Amino acid sequence: MKGKKAMTERRWTRKRIVSASFVLILALFFLLGALKLLKRKDIDDLYGAYPDEADLKDPALVDVNAPKPNVIIVYLDDLGYGDLGCFGSEAIQTPNIDKMADEGAMFTNYHSVASVCAPSRAGLLTGRYPFRTGVIGNPYPADEPFVNKAQKKAANLLLEMGVADLDEAYVAEGLSQKEITIAKALKTAGYRTKMIGKWHLGDYGKKAYYNPVNYGFDSYFGVPYSNDMIPYPLYRNKEELIANVAGEAQSMLTGSFTDEAIEFIKESRGEPFFLYLAHAFPHQPLYASEGFQRVSKGGVYGDVVEEIDWNMGRILDFLEENGLDEDTLIVLTSDNGPWYEGSAGGFRGRKGEVYSGGFRVPFIARYPGKIPGGLVMDTAIASIDLFPTILTLAGVGIPEDRTIDGRDVFDNLTGASAKSPHDALYFYHYTELQGILSGGFKYVKRMNRYTWPVPLTTAYIPMEVFKAKVALGDIFPLLYDMALDPGEAYNVIQTYPDIAEGHARMMREWEARVAENPRGFGAAAQKRAVK
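Here's what I pulled together on the structure shown here. These numbers come from a predicted model, not from an experiment.

Let us look at the overall build of the protein chain. Within the protein chain, the regular secondary structure consists of 16 helices and 16 strands. Evaluated residue by residue, the protein chain yields a buried proportion of 56% over its 531 residues. Counted over contacts in the protein chain with a minimum sequence separation of 6, partners at least 24 positions apart contribute 72%. When the accessible area of the protein chain is evaluated, it comes to approximately 23000 Å², of which 56% is carbon and sulfur surface.

Another aspect to go through is the pattern of salt bridges. For the structure shown, the criterion picks out 23 salt bridges. Across the salt bridge formed by arginine 366 and glutamate 103, the nearest N and O atoms sit 2.8 Å from each other. With arginine 366 in strand E10 (residues 363–366) and glutamate 103 in the loop between helix H3 (95–102) and strand E2 (105–107), this pair connects stretches of sequence that are 263 residues apart. For glutamate 263, the salt bridge is made with lysine 266, and the minimal N-O distance between the two is 3.7 Å. Residue glutamate 263 and its partner lysine 266 are both found in helix H8 (residues 253–267); the two are separated by 3 residues, about one turn of the helix. Exposure remark for lysine 266: the relative accessible area of 38% places this residue in the partly exposed category.

This part takes up the nonpolar core. One recurring pattern in soluble globular proteins: nonpolar side chains tend to sit buried together. Residues Ile73, Phe107, Trp199, Phe274, Tyr276, Phe363 and Leu413 are the most contacted members of the largest nonpolar core, which totals 52 residues. With sequence-adjacent residues up to four places away left out, phenylalanine 363 is seen in contact with Phe87, Ala105, Met106, Phe107, Tyr110, Val331, Leu332, Thr333, Ile381, Leu386 and Leu413.

Attention now goes to the sheet that holds strand E6 (residues 234–236). One open sheet accounts for 10 strands, arranged E7-E6-E5-E4-E8-E1-E9-E10-E2-E11; its pairing is mixed. Two strands in the sheet have a free side with no partner beyond their single neighbour: strand E7 (239–242) and strand E11 (375–377). Looking at each pair of strands side by side, their axes are set apart by 15 degrees on average, direction ignored. Bridging between E2 and E10 involves 2 bridges; their strand directions are antiparallel. Pairing of methionine 106 across the sheet is with isoleucine 364, part of E10. Sitting on the sheet, helix H9 (residues 299–321) touches strand E1 (70–76), strand E8 (273–278), strand E9 (328–334) and E10, and the angle it makes with E9 is about 170 degrees.

Looking now at the packing of H8 against H9. Between H8 and H9, the least distance of the axes is 10 Å, while the angle of their chain directions is 10 degrees. By the criterion of interaxial angle, the relationship of H8 to H9 is roughly parallel. Here Thr254, Gly255, Thr258, Asp259, Ala261, Ile262, Ile265 and Lys266 of H8 come into contact with H9, specifically with Glu307, Ile308, Asn311, Arg314, Ile315, Phe318 and Leu319. Across the contact of H8 with H9, the residue classes tally to 7 nonpolar, 4 polar and 4 charged.

With that out of the way, let us pick up unusual backbone geometry. With an omega of 10 degrees, the peptide bond between phenylalanine 281 and proline 282 qualifies as cis. Topologically, proline 282 is positioned in the loop between E8 and H9. Each neighbour pair has its own omega, and for glutamine 284 with proline 285 the value is 10 degrees, a cis peptide bond. Assignment of secondary structure puts proline 285 in the loop between E8 and H9. In the Ramachandran plot, lysine 68 falls in the positive-phi region, its phi being about 50 degrees despite a non-glycine side chain. Among the secondary structure elements, lysine 68 is positioned in the loop between helix H2 (44–47) and E1. In the Ramachandran plot, arginine 294 falls in the positive-phi region, its phi being about 60 degrees despite a non-glycine side chain.

This brings us to the environment of tyrosine 276. Relative to the assigned elements, tyrosine 276 resides in strand E8. Sequence separation between tyrosine 276 and threonine 193 is 83 residues, and the spatial gap between their C-alpha atoms is 8.1 Å. Excluding residues within four positions of it along the chain, tyrosine 276 makes contact with Ile73, Tyr75, Arg121, Leu124, Leu125, Lys194, Met195, Ile196 and Phe217.

The next point concerns the side chain of glutamine 250. Mapped onto the elements of the fold, glutamine 250 is located in the loop between E7 and H8. Beyond its immediate sequence surroundings of up to four residues, glutamine 250 is in contact with Asn227, Tyr232, Val245, Phe281, Pro285 and Tyr287.

All right, on to the environment of lysine 194 then. Within the element layout of this structure, lysine 194 appears in strand E4 (residues 192–198). Considered as a pair, lysine 194 and glycine 216 are 22 residues apart in the sequence and their alpha carbons are 8.6 Å apart. If we ignore the near neighbours within four places in the chain, the residues touching lysine 194 are Phe217, Ser219, Tyr220, Glu260, Phe264, Phe274, Leu275 and Tyr276. At 3.3 Å, the side chain of lysine 194 forms a polar contact with the side chain of glutamate 260.

Of all 7 residues in strand E14 (residues 432–438), 6 are buried; the element is thus mostly enclosed. Connecting strand E13 (residues 425–429) to the antiparallel partner E14 that follows it, the hairpin turn spans 2 residues, and tyrosine 430 within it adopts a positive phi of roughly 55 degrees. Pairing geometry for E14 and strand E15 (residues 441–444), over 4 bridges, is antiparallel. Along E15, the bridge assignment pairs leucine 437 with lysine 442. Linkage of E14 to E15, two consecutive antiparallel strands, is achieved through a turn of 2 residues, within which glycine 439 is found at a positive phi near 60 degrees.

Sheet architecture is open: 4 strands sit in the order E13-E14-E15-E16, paired in antiparallel fashion. Since the sheet does not close on itself, it has two edges, and those belong to E13 and strand E16 (478–481), each with one partner. Mean inter-strand twist for the sheet, computed between neighbouring axes without regard to direction, equals 20 degrees. Taken together, the 5 bridges between E13 and E14 define a ladder with antiparallel strand orientation. Pairing of tyrosine 428 across the sheet is with leucine 433, part of E14. Lying over the sheet, helix H15 (residues 497–516) contacts E13, E14, E15 and E16, oriented at roughly 130 degrees with respect to E14.

Turning our eyes to something else, we now look at helix H11 (residues 386–394). H11 sits mainly inside the fold: 8 of its 9 residues count as buried. Within the span of H11, buried status applies to Leu386, Phe387, Pro388, Thr389, Ile390, Leu391, Leu393 and Ala394. Once H11 ends, the next one or two residues include glycine 395, with phi positive near 80 degrees.

As enumerated under the stated definition, the model contains 28 aromatic pairs in all. Ring plane angle 45 degrees and centroid distance 6.2 Å describe the contact between tyrosine 47 and phenylalanine 131, whose orientation is recorded as tilted. With a gap of 84 residues between them, tyrosine 47 in helix H2 and phenylalanine 131 in helix H5 (residues 130–133) connect regions that are remote in the sequence. Here the two residues tyrosine 47 and phenylalanine 131 agree in accessibility, since each one is buried. Taken together, a centroid distance of 5.1 Å and an interplanar angle of 40 degrees make the contact between tryptophan 339 and tyrosine 340 tilted. For tyrosine 340, a relative accessible area of 55% corresponds to the exposed category. What links up through ring pairs into an aromatic cluster is the set Tyr47, Tyr129, Phe131, Tyr426, Tyr428 and Trp510. Positioned above the aromatic ring of tryptophan 339 is the side chain of lysine 351, whose terminal nitrogen or guanidinium carbon lies 4.4 Å from the ring centre. Its guanidinium or amino end placed over the ring of phenylalanine 427, lysine 442 lies 4.9 Å from that ring's centre, counting from NZ or CZ.

What counts, and at which threshold
Residues numbered from 1 in each chain as written. Predicted model: local features only at pLDDT ≥ 70, side-chain atom pairs only at ≥ 80, totals over all residues. Heavy atoms only, no water. Helix = DSSP H or I, 4+ residues; strand = E, 2+ residues; numbered from the N terminus. Buried < 20%, exposed > 50% of the residue type's maximum accessible area, 1.4 Å probe, protein only. Contact = heavy atoms within 4.5 Å. Areas by Shrake-Rupley, 256 points an atom, 1.4 Å probe, with all protein chains shown as cover. Salt bridge = Lys/Arg side-chain N within 4 Å of Asp/Glu carboxyl O. Core = buried A, V, L, I, M, F, W, Y, C linked by side-chain atoms within 4.5 Å. Pairing = 2+ DSSP bridges. Axes fitted to C-alpha atoms, helices over the stretch in contact; angles between N-to-C directions. Parallel < 35°, antiparallel > 145°, perpendicular 65-115°, else oblique. Nonpolar A, V, L, I, M, F, W, Y, C, P; charged D, E, K, R; others polar. Polar contact = N/O pair within 3.5 Å; in protein donor to acceptor, adjacent residues only side chain to side chain. Phe/Tyr/Trp six-rings, centres within 6.5 Å; stacked < 30°, edge-to-face > 60°. Lys NZ or Arg CZ within 6 Å of the ring centre and 35° of its normal.

Below is the structure:
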């Protein structure tokens with residue numbers, strides 16, 4: 001009996017050991033998986049490292065007789081093409097911005113360089129496609145809650161399984177100081193520079209390296225990233241003023257940013273200045289201040305936009321009252337199309353999509369005496385074009401040590417030329433080139449949506465494994481005649497197969513050139529950086 005009992009106990013012991021080992025292995029597997037999920041992938045693995053400082057050149061003044069106008073860029077967050085009165089909105093009243101358009105130029109075929117926040121800002125300030133800077137997606141707060149980080153990493157795991165499309169596996173921490181911003185370049189020409197509002201090119205609260213004052217701005221007042229991110233601090237230069245501007249407290253931002261803008265303009269009298277005013281709204285969540293609540297026929301979204309318009313009027317009035325009108329180029333546009341609220345103005349798609357609703361946004365430029373009033377242009381231009389245009393007006397040379405993808409479009413702004421300076425505009429979703437606009441036709445190789453749930457047309461598993469492709473047919477590629485069909489409703493790829501093949505070939509050739517030198521620096525410098 002004792003021997004049998006001992007044998008039974010040994011069996012139970014072996015079972016416990018096996019069970020414990022299994023649980024340990026399983027726990028180790030999940031731990032390794034979790035560590036893999038939380039591990040940050042280096043953007044340099046995709047695009048290579050930056051060259052050494054010795055291989056880079058500072059911008060230089062090349063034309064001492066250039067007009068050197070004051071420059072103001074007003075950058076709205078998630079404003080749709082159809083959210084302004086001058087661009088067709090009947091629900092939202094924007095009399096001040098409409099007046100600005102009447103006194104300047106409206107571009108109806110202007111494209112942001114990206115359809116999400118941070119890449120569009122990197123492209124605007126550097127004149128380069130976002131992949132060159134590595135800012136292909138949105139950097140997040142360095143100290144955001146662990147659950148938020150894990151959630152995004154889990155989404156990337158689903159991406160690899162083919163059931164998600166929020167590709168944030170590789171996202172740069174922020175913009176490298178080796179990039180030349182508009183502000184840094186204009187310092188060469190003696191400009192005073194200031195940035196106000198949303199930065200979203202690196203969490204400077206945790207890494208001071210990414211503070212805007214390190215990128216050519218003399219001073220800064222604003223927030224590090226989007227207003228849906230936690231925490232949401234307010235800074236003046238490198239000093240934190242408020243640890244977390246939460247909820248209704250955000251309603252003070254539009255007015256505060258405008259107060260700061262007017263004060264800077266007042267202080268700059270007698271010197272050329274550059275003001276980059278990047279409003280936090282109408283990005284969601286939406287908060288209007290007390291005097292603007294429940295006044296718009298466009299709901300809370302409309303309230304927020306109408307408050308921005310009223311404050312825009314304050315800036316325009318100040319310029320006029322102080323005799324600065326004719327010496328100031330002021331531009332108003334949006335970083336990308338509307339998210340869950342807002343109007344894409346009849347265009348298909350929204351933020352995060354290659355459809356025009358994601359990239360095509362309002363653009364107004366006013367420069368009395370130089371840009372004729374009431375000008376409406378359908379010329380295809382892009383946000384990357386502001387960099388070379390502004391530098392040329394200031395007499396600063398276009399950097400020669402790196403690729404600048406933008407083109408000088410001042411002749412387009414004045415109406416002197418209706419021809420686009422671009423043979424093609426390229427549309428990216430994170431790392432992937434998905435579309436091209438050229439010759440009035442838009443070709444889309446494939447498309448992601450930046451939304452949940454993931455559409456059947458996007459992911460591999462539902463399309464291929466579950467045979468959704470059999471029911472839906474061949475969705476991609478797409479070809480749209482943008483002159484006849486700006487709403488991108490009809491795929492005419494079978495009608496114009498030669499045009500489709502030509503566009504596909506242009507994309508392949510572009511990708512091949514980019515692959516040789518993604519960062520776009522001089523060949524010798526880039527070669528040393530790769531080593």
